[in-house]
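In case you want the letters, here they are:
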Amino acid sequence: MRIIVDDIPVTGRNIEFDLDTSWARPAVAEALECEPDALSGSIRVTQAERKTDVRVRIGLETHAKGTCDRCGDPVHRSVSITSDLLYQPESPDGSDEEVELGEDELDVGWYRDGQLSLPDILMEAVALELPSRVLCIDQEACETRTREMLAAA
């Protein structure tokens, strides 16, 4: 699903999504690297101070079954996000010339061709919220299983 930036009303736009939303489920599944069991949330897009800038507020809850990266046992993954993001046009003047970013621009997302891709925004928000490794909650038991697995190998 794409949002045309010039068509965003002055009052903003709310987009609700859940597990049955055709564009949201695959985006979250790709970020989680597994299918979500539950998903609910909303995205609110509003124009920022500059007409070409867009503020995006994401609220999301999702749950999925995953696998521990250490011992391989099943784990329950739960993600809860409330995120405020700023998006600007990829190239404000239409050129492909590289632009050096200032420190205050490092948290800015970019959109192309006057459109925001909601699946891309959702996938990025979930991926940024995830830990770098999926691990068991019980670290001691995980360590024991990992030692046993390595000894057997």
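Above this text is the structure in question.
From a predicted model like this one, the values you see are computed outputs, not experimental measurements.

I tried to follow the side chain of Thr 21 on my own but got confused; where do I start?
Position of Thr 21 relative to the elements: it lies in the loop between β2 (13-18) and α1 (24-32). In this structure Thr 21 comes out as buried when scored by relative accessible area, which is 16%. A polar side-chain atom of Thr 21 sits 2.9 Å from the main-chain amide nitrogen of Asp 18.

How should the nonpolar core be read in this particular structure?
Among soluble globular proteins, nonpolar side chains are generally buried collectively. If you look at the biggest cluster of nonpolar residues, it comprises 31 residues, and the most contacted ones within it are Val 45, Val 54, Val 56, Leu 60, Leu 116 and Leu 122. Elements with a contribution of two residues or more to this core: β2, α1, β3 (36-47), β4 (54-67), β5 (74-89) and α2 (118-129). The next biggest cluster of nonpolar side chains, apart from the first, holds 6 residues, and it includes Cys 68, Cys 71, Cys 136 and Cys 142.

Help me understand the pattern of salt bridges, please; the structure alone is not making it clear to me.
Should their charged atoms come close, side chains of opposite charge can pair. Counted under the stated rule, the structure contains 9 salt bridges. Measuring nitrogen to oxygen at the nearest pair gives 2.9 Å for the salt bridge that ties Arg 25 to Glu 35. In this pair, Arg 25 is assigned in helix α1 and Glu 35 in the loop between α1 and β3, connecting sequence segments 10 residues apart. The salt bridge partner of Glu 143 is Arg 70, with a shortest N-O separation of 2.3 Å. Taken as a pair, Glu 143 in helix α3 (residues 139-152) and Arg 70 in the loop between β4 and β5 lie far apart in primary sequence, 73 residues in all. Taking the relative accessible area as the measure of exposure, Glu 143 reaches 29% and is therefore partly exposed. The class of Arg 70 is partly exposed, set by a relative accessible area of 24%. Three or more residues are tied together by salt bridges with common partners; here these are Arg 70, Glu 143 and Arg 147.

Which parts of the structure should I look at to understand unusual backbone geometry?
For residues that are not glycine, phi is negative in most cases, and the peptide bond is trans in most cases. Despite not being glycine, Glu 33 has its phi angle at roughly 65°, a positive value. By secondary structure assignment, the location of Glu 33 is in the loop between α1 and β3.

Would you mind going over the sheet that holds strand β6 (residues 108-111) with me for this structure?
Backbone hydrogen bonds are what pair the strands of a sheet, in a parallel or an antiparallel way. As summarised here, the arrangement of the 5 strands in space is β2-β3-β4-β5-β6, forming an open sheet in which the pairing is mixed. Sheet topology places β2 and β6 at the edges, where each strand pairs with a single neighbour. When strand polarity is set aside, the average angle formed by the axes of neighbouring strands in this sheet is 25°. Lying on the sheet, α1 is in contact with β2, β3, β4 and β5; it crosses β3 at an angle near 110°. Sitting on the sheet, α2 touches β2, β3, β4 and β5, and the angle it makes with β5 is about 125°.

Scoring rules and cut-offs
Within each chain, residue numbers correspond to sequence positions counted from 1 in written order. Local features are withheld for residues below a pLDDT of 70 in this predicted model, meaning they are given only at 70 or higher, and side-chain atom pairs are given and counted only at 80 or more; totals for whole chains, interfaces and linings count all residues. Neither water nor hydrogens contribute to the side-chain values; these are computed over all heavy atoms in the structure. Helix and strand assignments come from DSSP, with helices taken as H or I runs of at least 4 residues and strands as E runs of at least 2, each series counted from the N terminus. Residue burial is assigned from relative accessible area. The probe radius is 1.4 Å, only protein chains are included, and a residue is buried under 20% of its type maximum, exposed over 50%, and partly exposed in between. Think of a polar contact as two N or O atoms within 3.5 Å of one another; within protein, one of them needs to be a possible hydrogen donor and the other a possible acceptor, and neighboring residues in sequence only count if both atoms come from side chains. Working definition of a nonpolar core: buried Ala, Val, Leu, Ile, Met, Phe, Trp, Tyr and Cys residues. They are joined through side-chain atoms within 4.5 Å. Throughout this description, the term salt bridge denotes a Lys or Arg side-chain nitrogen within 4 Å of a carboxyl oxygen of Asp or Glu. Following DSSP output, two strands are said to pair if at least two bridges run between them. The convention used is that axes are lines fitted to C-alpha atoms, helices contributing only their stretch in contact, and that angles between N-to-C directions extend from 0 to 180 degrees. Two residues form a contact once any of their heavy atoms are found within 4.5 Å.

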